[in-house]
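# Observations on the three-dimensional arrangement
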Amino acid sequence: MSQKNVTKIVISTEFITLGQFLKFVNIIQNGGEEKFFILENNILVNGEDCKQRGKKLREKDIITINDSLVFEISKWFYLT
């Protein structure tokens with residue numbers, strides 16, 4: 001698989017759950033759609049099949065949805 005169309009998703013927390021991620025990137029509209037979407041679609045986290053909506057996604061994780069959408073989690077740091 002080519003990594004040419006990877007969309008970077010920047011988070012400011014330690015992790016984001018798969019369900020939160022799907023809402024964040026506007027793939028689903030609400031939490032009620034999470035379970036159905038995850039069960040009905042091919043979602044890979046770092047190349048491994050994932051059906052856990054509570055799966056913690058962290059910096060550098062690669063999420064692939066139906067072999068067409070590819071995302072990479074990045075961490076946003078700010079100095080105080």
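Coordinates for the structure precede this section.
### As for the environment of Val70
Positionally, Val70 belongs in strand E7 (residues 69-75). Measuring from C-alpha to C-alpha, the distance between Val70 and Phe36 comes to 20 Å, with 34 residues separating the pair along the chain.

### What to know about the packing of aromatic side chains
Overall, the coordinates contain one aromatic pair when judged by the stated rule. Just above the ring of Phe15 sits the side chain of Lys56; from NZ or CZ to the centre is 4.7 Å.

### Points about the side chain of Asp61
Assignment of secondary structure puts Asp61 in the loop between strand E5 (56-57) and strand E6 (62-65). Despite its burial, Asp61 pairs with no opposite charge; the closest candidate is Arg58, at 6.2 Å N-O. A distance of 2.8 Å separates a polar side-chain atom of Asp61 from the backbone nitrogen of Arg58. In this structure, Asp61 is in contact with Asn46, Lys56, Phe71, Glu72 and Ile73, ignoring residues within four places of it in sequence.

### Some remarks on the sheet that holds E7
An order of E1-E7-E6-E3-E4 is seen for the five strands of this open sheet, with the pairing classed as mixed. Only two strands of the sheet have a single neighbouring strand rather than two, namely strand E1 (6-11) and strand E4 (48-49). As defined by bridge partners, strand E3 (residues 43-45) adjoins E6 across three bridges and the pair is classed as antiparallel. Among the inter-strand pairings, Leu44 is bridged to a residue of E6, identified as Thr64.

### Looking at the pairing of E6
Of the two faces of E6, both are covered, the one formed by Ile62 and Thr64 as well as the one formed by Ile63 and Ile65. As defined by bridge partners, E6 adjoins E7 across four bridges and the pair is classed as antiparallel. Within E7, the position partnered with Ile62 by the bridge is Glu72.

### Notes on the side chain of Ser74
You can see Ser74 is positioned in strand E7. The exposure class of Ser74 is buried, given its relative accessible area of 15%. The contact partners of Ser74, leaving out residues within four places of it in the chain, are Lys8, Ile9, Val10, Ile11 and Glu59.

### Digging into the pattern of salt bridges
On inspection of all chains with the given rule, the structure shows three salt bridges. Among the ionic pairs, Glu14 bridges to Arg58, the shortest N-O distance being 2.8 Å. Of the two residues, Glu14 is situated in the loop between E1 and strand E2 (16-17) and Arg58 in the loop between E5 and E6; the sequence distance between them amounts to 44 residues. By relative accessible area, Arg58 is classed as partly exposed at 33%. As a salt-bridge pair, Lys23 and Glu34 come within 3.6 Å of each other at their nearest N and O atoms. In this pair, Lys23 sits in helix H1 (residues 18-24) while Glu34 sits in helix H2 (residues 34-40), placing the two residues 11 residues apart along the sequence. Overall, the relative accessible area of 11% leaves Glu34 in the buried class.

Cut-offs applied
- Residues numbered from 1 in each chain as written.
- Predicted model: local features only at pLDDT ≥ 70, side-chain atom pairs only at ≥ 80, totals over all residues.
- Heavy atoms only, no water.
- Helix = DSSP H or I, 4+ residues; strand = E, 2+ residues; numbered from the N terminus.
- Phe/Tyr/Trp six-rings, centres within 6.5 Å; stacked < 30°, edge-to-face > 60°.
- Lys NZ or Arg CZ within 6 Å of the ring centre and 35° of its normal.
- Buried < 20%, exposed > 50% of the residue type's maximum accessible area, 1.4 Å probe, protein only.
- Lys, Arg positive; Asp, Glu negative; His and termini not counted.
- Salt bridge = Lys/Arg side-chain N within 4 Å of Asp/Glu carboxyl O.
- Polar contact = N/O pair within 3.5 Å; in protein donor to acceptor, adjacent residues only side chain to side chain.
- Contact = heavy atoms within 4.5 Å.
- Pairing = 2+ DSSP bridges.

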